[in-house]
Amino acid sequence: MEIDIDMSQFHDIFFEEAIEGIEIMEKELLNLKPGTDDSDIINTIFRAAHSIKGSASTFGFEEIGKFTHSIESKLDSLRNDELEITQELITLLLSSVDCLNNMLSSERSGKEHDTSSIDTITTKLDEYYSPASAAEKNREIRQDEPEPQITTADAADSAVRKWKINFFPDEKLFYTGNDPLRLIRELKTLGKLTVEASIDKLPDYSELDVHNSYLGWVIDLEGTVNQEQIEEVFAWVEGDCKLSIRNETEHRVIPDRRDNTNPAGRRKTDNEHRSIRVSTDKVDELLNLVGELVITQSILNSVCNTQGPGTSERLHQCLEQLERNTRDLQQQTMSIRMLPIDNAFQRIPRIVHDLSIAQGKNVTLKLIGESTELDKTVLEKIGDPLVHLVRNAIDHGIEMPAERASAGKPENGVITIKAEHEGGHIVLRISDDGKGIDTDTLLAKAIEKNIINDNHDLTETQIMNLIFQPGFSTAAVISDISGRGVGMDVVRQNITDLGGSVEISSEKGIGSTFTIKLPLTLAILDGQIVKVGDQTFIIPLHSIAETLMFDKEQTNTIAEKKELYQYRDKYIPVIRLYESFDIKASTSSDTDKLISSTKRQKDLLVVFETGDRHAGILVDDVIGQQQVVIKSLEKNYDNVPGVTGATILGDGSVALILDVTTLSTQQYEPAVSLNTV
Amino acid sequence: MINILLVDDSVSMREMVSFTLNQAGHNITEAEDGVQALEIAQSNTFDLVITDINMPRMDGITLTAQLRGLDDFTFTPILILTTETSEPRKIEAKQAGATGWIEKPFDPDHLLATINKVI
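This structure is a prediction, so every number in the text was calculated from the model and none was measured.

**Student:** How should I be thinking about the overall build of chain B in this particular structure?
**Tutor:** Helix and strand counts for chain B stand at five helices and five strands. Its helices and strands taken in sequence order, chain B reads β-α-β-α-β-α-β-α-β-α from the N to the C terminus. Sequence separation of 24 or more characterises 62% of the internal contacts of chain B that already satisfy a separation of 6 or more. If you sum the accessible surface of chain B, you get close to 3,700 Å²; carbon and sulfur atoms cover 43% of it.

Pasting the structure below:
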């Protein structure tokens with residue numbers, strides 16, 4: 001039966017799977033320790049490589065298949081104790097995994113392979129032998145020969161031959177699922193067949209076991225058929241029968257080959273969850289729909305509440321029930337997007353491994369709380385900042401072994417990454433036990449770089465936070481590893497973009513800790529609803545420090561523009577949204593008329609903090625707190641500076657969610673007109 | 001139409017084999033490793049089992065041996081789907097009771113041709 005199947009339809013699944021395989025290989029390679037023999041780890045790596053090899057060649061990626069075969073050969077030698085685990089081999093295998101990853105990316109994007117680096121690594125792999133295994137060399141070379149392909153070339157040999165085949169199956173042949181009749185049927189497809197059955201071994205009826213095979217056959221086959229084709233028919237029963245294949249003219253007999261077996265296959269247990277694959281687009285769409293449902297739900301609530309006491313009790317009960325169901329549904333849906341932070345940790349061990357070797361430092365990595373879950377989007381975006389902080393910790397934190405020893409510390413430095421839930425947040429702490437941050441050097445640098453001037457009045461914490469300023473780098477010589485053009489300012493920016501914050505604490509000689517606080521999800525937000533003129537805004541609750549009655553007496557205006565408010569022991573900038581967003585006073589809207597006629601405008605100052613900065617937003621009224629579903633403004637309208645998104649409130653009106661970080665930095669830039677939104 | 005139990009930890013391979021066999025009009029049940037396959041085999045019978053060798057939890061050779069211990073699978077053809085072309089591996093599989101093997105890489109036509117040898 002000929003079937004036409006387009007193999008490219010499976011490519012995406014293959015790529016996804018191969019990348020997972022590569023991740024497993026990398027992770028497990030990093031778990032391998034030189035001089036040990038952890039067969040479980042080696043088997044896991046082998047299996048991943050083996051699986052990639054098999055699928056790659058099946059789906060037509062021969063180069064990937066061939067390259068993976070080279071890796072697999074080395075792993076097989078490791079598995080069979082023909083090679084020893086050395087640091088050199090681990091490093092070689094790691095770079096092979098990198099190369100494999102690059103090959104996959106090239107295939108995926110339709111680019112050419114970087115053949116020179118593939119060849120280099122293939123050669124290194126093929127030529128690698130640990131000293132102990134030099135004797136195995138010859139054997140290795142034989143194993144590395146390309147695997148035989150299904151041979152059809154001989155079929156072109158068109159000479160008609162006569163074959164005599166003696167086929168006497170062992171009694172237990174049926175127990176392997178084979179059946180002599182099927183084999184004879186297959187032989188029939190090769191040429192003209194004459195079959196003679198031998199009943200010599202057929203026992204008496206009383207001793208006959210119907211599950212045994214007692215018959216033998218002498219078969220004459222005539223056709224344009226070669227020995228290999230016949231052998232292939234009997235390949236599966238080789239060893240389970242007495243077989244001779246004789247060319248009537250050539251009289252060639254193949255020996256009855258029976259190989260000895262090798263030890264039973266090793267097993268490994270794994271906890272793997274059963275799962276289905278769903279595209280993230282579908283999940284996001286589902287989440288979006290649930291968001292709509294939550295909004296409709298709150299509109300329904302407020303409609304019902306405005307109906308007054310006459311509304312039926314039953315309706316209220318139903319609404320409450322619906323609200324609970326909606327919440328559960330929303331939580332469950334959001335949990336689909338939640339992934340263990342493990343995913344973001346994946347690259348870290350490799351980086352620590354490579355960097356510490358490159359710099360001659362001894363570094364141990366400790367990962368704690370890897371199963372802590374957070375939103376996929378947050379997870380994807382936290383990877384880079386995390387990597388950067390770890391690089392930094394090795395580059396600038398952990399000292400050289402000798403330096404550590406002379407400081408009375410263990411030569412081995414420790415970097416700990418700990419993830420945990422704290423309230424509605426995920427907190428990530430990246431700590432090292434290195435030399436800590438030298439605030440004096442930092443200050444000098446900041447002054448030199450004109451980030452601050454001589455007569456500053458900064459606390460220790462503020463000085464440390466200077467490293468987050470754009471254009472700051474303390475390394476005397478920018479190493480090729482840390483200095484990749486991304487500064488700590490970008491790290492902080494990435495984190496704040498996610499609605500998170502980052503803080504440093506450090507003690508000279510003891511070490512440093514970076515604490516990253518992240519929201520669990522980007523889909524919903526606990527917000528404070530505030531009124532400014534005819535507009536309603538949402539301020540993220542987590543950034544609010546407190547809300548005060550605005551006292552005009554406590555303000556100072558400097559440079560005729562900057563308005564500062566005395567907040568506790570410092571002055572904080574005041575943001576007037578009327579000006580920043582060019583808002584009209586509340587005369588146009590009916591609801592606002594209601595508010596302004598019943599309540600006096602209050603002039604409240606909502607003080608918020610982002611990072612180490614405080615600022616206050618002046619608002620007319622604070623209405624309440626609510627969990628809001630974030631709708632992207634960018635997707636639905638356009639990016640507006642100072643606004644992270646929008647939401648729909650219970651009364652059906654749209655409220656903008658303020659981006660307090662941007663507001664506090666851009667407050668004096670030209671006003672953005674809100675009336676166009 | 002025959003009922004086939006397909007065991008492979010690789011989703012892409014499962015999809016491909018499944019798709020091909022479906023096209024040929026066969027009925028496929030999938031399992032992602034030996035353990036799951038064995039669970040399925042406890043309460044179902046099949047005309048053919050196709051299994052990968054290298055899988056987590058339980059490999060294909062162990063699965064084959066286990067299946068042969070079940071009454072319903074004593075004579076069922078079991079094909080090993082594998083890249084292992086080395087002789088010892090095949091013999092190991094055969095000793096466990098495997099009927100034959102399908103070597104990767106294979107194309108859909110080769111797969112169907114091989115399967116037709118045992119049905």
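After that view of the structure, there is still more to cover.
**Student:** Got a minute to help me understand the overall build of chain A in this structure?
**Tutor:** The secondary structure content of chain A amounts to 21 helices and 22 strands. The proportion of buried residues among the 677 residues of chain A is 45%. For chain A, restricting intrachain contacts to residue pairs at least 6 apart in sequence, the fraction spanning at least 24 positions comes to 70%. For chain A, the computed accessible surface area is about 35,700 Å², with 49% contributed by carbon and sulfur atoms.

**Student:** Explanation requested: the sheet that holds strand β22 (residues 654–658) of chain A in the structure shown.
**Tutor:** Picture the strands of a sheet paired through backbone hydrogen bonds; they go either parallel or antiparallel. Residues and elements named next belong to chain A. Strand order in the open sheet made by the five strands is β20-β12-β13-β22-β21, with mixed pairing throughout. For this open sheet the edge positions go to β20 (621–629) and β21 (643–648), each flanked by a neighbour on one side alone. When strand polarity is set aside, the average angle formed by the axes of neighbouring strands in this sheet is 35 degrees. Summarising the sheet, strand β12 (residues 524–532) and strand β13 (residues 535–540) pair through six bridges and their orientation is antiparallel.

**Student:** Mind showing me how you'd approach the sheet that holds strand β5 (residues 100–103) of chain B here?
**Tutor:** All names here are of chain B. The strand order across the open sheet formed by five strands is β2-β1-β3-β4-β5, and the pairing between neighbours is parallel. Looking at the sheet topology across the chains shown, the edges are occupied by β2 (27–31) and β5. The mean inter-strand angle of the sheet, taken between neighbouring strand axes irrespective of direction, is 20 degrees. In terms of strand pairing, strand β4 (residues 78–82) meets β5 through four bridges, oriented parallel. Bridge pairing in β5 places Thr82 opposite Glu103.

**Student:** Teacher, can you tell me more about unusual backbone geometry here?
**Tutor:** Trans is the prevailing form of peptide bonds, just as negative phi is the prevailing case for residues other than glycine. Residue and element names in this part refer to chain A. Even without being a glycine, Asp81 presents a positive backbone phi close to 60 degrees. Mapped onto the elements of the fold, Asp81 is located in the loop between α3 (62–79) and α4 (87–109). Classification of Asp81 by relative accessible area gives exposed; the value is 51%.

**Student:** Would you explain the confidence of the model for chain B in this entry?
**Tutor:** Low-pLDDT stretches of the model should not have their predicted coordinates read in fine detail. Residue and element names in this part refer to chain B. Summary statistics for chain B give a mean pLDDT of 87 and a share of 97% for residues scoring 70 or more. The weakest mean pLDDT in chain B belongs to helix α4 (residues 87–96) at 81; the strongest belongs to strand β1 (residues 3–7) at 94. Interface confidence for the predicted complex, expressed as ipTM, amounts to 0.85; the pTM equals 0.53.

**Student:** When you look at the pattern of salt bridges in this model, what are you seeing that I'm missing?
**Tutor:** Evaluation of the coordinates by the stated rule reveals 22 salt bridges over all chains. Shared partners join several salt bridges into a network, and the residues in it are Glu26(A), Asp98(A), Arg350(A) and Asp354(A).

**Student:** Explain the packing of α3(A) against α4(A) here, please?
**Tutor:** Angle between the axes and distance between the axes are the two parameters that describe a pair of packed helices. Residues and elements named next belong to chain A. It is at 10 Å that the axes of α3 and α4 come closest, and there the two elements cross at 160 degrees. Between α3 and α4, the angle is such that the two are roughly antiparallel. Both α3 and α4 take part in a crossing whose hand is left-handed. In this structure, α3 contributes Glu63, Ile64, Phe67, Thr68, Ile71, Lys74, Leu75 and Leu78 to the contact, and α4 contributes Leu89, Leu93, Ser96, Cys99, Leu100, Met103, Leu104 and Glu107. Here the contact of α3 with α4 is composed, by residue class, of 11 nonpolar, two polar and three charged.

**Student:** Explain α4(A) here, please?
**Tutor:** The α-helix winds at 3.6 residues per turn, so residues separated by three or four positions along the chain end up facing the same way. Residues and elements named next belong to chain A. The first and last C-alpha atoms of α4 sit 33 Å apart over 23 residues, in line with the 33 Å expected at 1.5 Å per residue. Along α4, the residues that are buried comprise Leu89, Ile90, Leu92, Leu93, Leu94, Ser96, Val97, Cys99, Leu100, Met103, Leu104 and Ser106. Against the buried residues of α4 lie α1 (11–31), α2 (39–58), α3, α5 (115–127) and α12 (348–359). The first or second residue beyond α4 is Gly110, which carries a positive phi of 70 degrees.

**Student:** Sorry, what's going on with a negative patch on the surface here?
**Tutor:** Residues Asp37(A), Asp38(A), Asp40(A) and Asp81(A) make up a contiguous surface patch of negative charge. Considering the arrangement of structural elements, one finds Asp38(A) in the loop between α1 and α2.

**Student:** Would you take a moment to explain the packing of aromatic side chains for this structure?
**Tutor:** For any pair of aromatic rings, geometry is given as the distance between the ring centres together with the angle between the planes. All told, the structure shown has 13 aromatic pairs over all chains when counted by the stated rule. Here the aromatic rings of Phe15(A) and Phe61(A) are separated by 5.4 Å at their centres, their planes lie at 40 degrees, and the arrangement is tilted. Taken together, the residues span a long stretch of sequence, with Phe15(A) in helix α1 and Phe61(A) in the loop between α2 and α3 at a distance of 46 residues. Considered together, Phe15(A) and Phe61(A) belong to a single accessibility category, that of buried residues. Between Phe550(A) and Tyr565(A) the ring centres are 5.3 Å apart and the planes differ by 25 degrees, which places this aromatic pair in the stacked class. Pair noted here: Phe550(A) is in the loop between β14 (544–549) and β15 (555–558) and Tyr565(A) is in strand β16 (residues 562–567), with a separation of 15 residues, a long-range link. Neither residue differs from the other here; Phe550(A) and Tyr565(A) are each classed as buried. Aromatic rings pair up to connect Phe10(A), Phe14(A), Phe15(A), Phe59(A), Phe61(A) and Phe19(B) into one cluster. Its guanidinium or amino end placed over the ring of Trp236(A), Lys117(B) lies 4.5 Å from that ring's centre, counting from NZ or CZ.

**Student:** Is there a simple way to explain the nonpolar core in this structure?
**Tutor:** Nonpolar side chains in soluble globular proteins tend to end up buried together. In terms of nonpolar packing, the biggest core is built from 70 residues, with Leu21(B) and Ile50(B) touching the most fellow members. When residues in this core are grouped by element, the largest group, 10 residues, is from α4(A). The contact partners of Ile50(B), leaving out residues within four places of it in the chain, are Ile4(B), Leu5(B), Leu6(B), Val7(B), Leu21(B), Leu79(B), Leu81(B), Ile102(B) and Ile115(B).

**Student:** Can you help me understand a nonpolar patch on the surface in this one?
**Tutor:** Where nonpolar side chains cluster on the molecular surface, the patch consists of Ile199(A), Leu202(A), Tyr205(A), Leu208(A) and Val210(A) and spans about 570 Å² of accessible area. Along the chain, Leu202(A) falls in the loop between β2 (192–198) and β3 (216–223).

**Student:** Which parts of the structure should I look at to understand α5(A)?
**Tutor:** Under the 1.5 Å per step criterion, the end-to-end length of α5(A) is 18 Å for 13 residues, consistent within 8% with the ideal 18 Å. For α5(A), the elements touching its buried residues are α3 and α4 of chain A.

**Student:** Teacher, can you tell me more about the side chain of Arg404(A) here?
**Tutor:** Of note, Arg404(A) is situated in helix α14 (residues 401–406). Beyond its immediate chain neighbours, meaning those up to four positions away, Arg404(A) contacts Ile398(A), Glu399(A), Lys409(A), Pro410(A), Glu411(A), Asn412(A), Gly413(A), Asp433(A) and Gly434(A).

**Student:** Is there a simple way to explain the environment of Tyr578(A) in this structure?
**Tutor:** Residue and element names in this part refer to chain A. Mapped onto the fold, Tyr578 is located in helix α18 (residues 577–580). On the accessibility criterion, Tyr578 (27% relative accessible area) is partly exposed. As for Tyr578 and Leu618, which are separated by 40 residues in sequence, their C-alpha atoms are 8.8 Å apart.

**Student:** Looking at this structure, how should I read the side chain of Thr326(A)?
**Tutor:** Residues and elements named next belong to chain A. Its place among the elements puts Thr326 in helix α10 (residues 313–336). For Thr326, a relative accessible area of 4% corresponds to the buried category. Other than its neighbours up to four places away in sequence, Thr326 contacts Leu293, Val294 and Gln297.

**Student:** Quick question: what am I supposed to make of the environment of Thr76(B) here?
**Tutor:** Mapped onto the fold, Thr76(B) is located in the loop between α3 (60–68) and β4. The class of Thr76(B) is buried, set by a relative accessible area of 6%. The spatial distance from the C-alpha of Thr76(B) to the C-alpha of Asp47(B) is 6.2 Å, given a sequence separation of 29 residues. If we skip the residues at most four places from it in the chain, Thr76(B) touches Gly177(A), Phe46(B), Asp47(B), Leu48(B), Val49(B), Arg68(B) and Thr99(B). Within the structure, the side chain of Thr76(B) is placed 3.1 Å from the backbone oxygen of Asp72(B), a separation counted as a polar contact.

**Student:** Mind showing me how you'd approach the pairing of β1(B) here?
**Tutor:** Successive side chains on a regular strand alternate, one facing one side of the sheet and the next facing the other. Residues and elements named next belong to chain B. Burial analysis of β1 places four of its five residues in the buried class, which makes it a mostly covered element. Note that β1 and β2 share five bridges and pair parallel. From the neighbouring strand, Leu6 faces β2, where its bridge partner is Glu30. Read as a crossover between parallel neighbours, the route from β1 over helix α1 (residues 11–23) to β2 is right-handed.

Criteria and thresholds
Residues numbered from 1 in each chain as written. Chains lettered and ligands numbered in written order. Predicted model: local features only at pLDDT ≥ 70, side-chain atom pairs only at ≥ 80, totals over all residues. Heavy atoms only, no water. Helix = DSSP H or I, 4+ residues; strand = E, 2+ residues; numbered from the N terminus. Contact = heavy atoms within 4.5 Å. Areas by Shrake-Rupley, 256 points an atom, 1.4 Å probe, with all protein chains shown as cover. Buried < 20%, exposed > 50% of the residue type's maximum accessible area, 1.4 Å probe, protein only. Pairing = 2+ DSSP bridges. Axes fitted to C-alpha atoms, helices over the stretch in contact; angles between N-to-C directions. pLDDT = per-residue confidence, 0-100. Salt bridge = Lys/Arg side-chain N within 4 Å of Asp/Glu carboxyl O. Parallel < 35°, antiparallel > 145°, perpendicular 65-115°, else oblique. Left-handed = near helix turned anticlockwise from the far one by under 90°. Nonpolar A, V, L, I, M, F, W, Y, C, P; charged D, E, K, R; others polar. Expected span 1.5 Å × (residues − 1). Patch = residues over 30% accessible without salt bridge, like charges linked within 9 Å, V, L, I, M, F, W, Y side chains within 5 Å. Lys, Arg positive; Asp, Glu negative; His and termini not counted. Charge placed at Lys NZ, Arg CZ, Asp CG, Glu CD. Phe/Tyr/Trp six-rings, centres within 6.5 Å; stacked < 30°, edge-to-face > 60°. Lys NZ or Arg CZ within 6 Å of the ring centre and 35° of its normal. Core = buried A, V, L, I, M, F, W, Y, C linked by side-chain atoms within 4.5 Å. Polar contact = N/O pair within 3.5 Å; in protein donor to acceptor, adjacent residues only side chain to side chain. Right-handed = clockwise from strand over helix to strand, strands pointing away.

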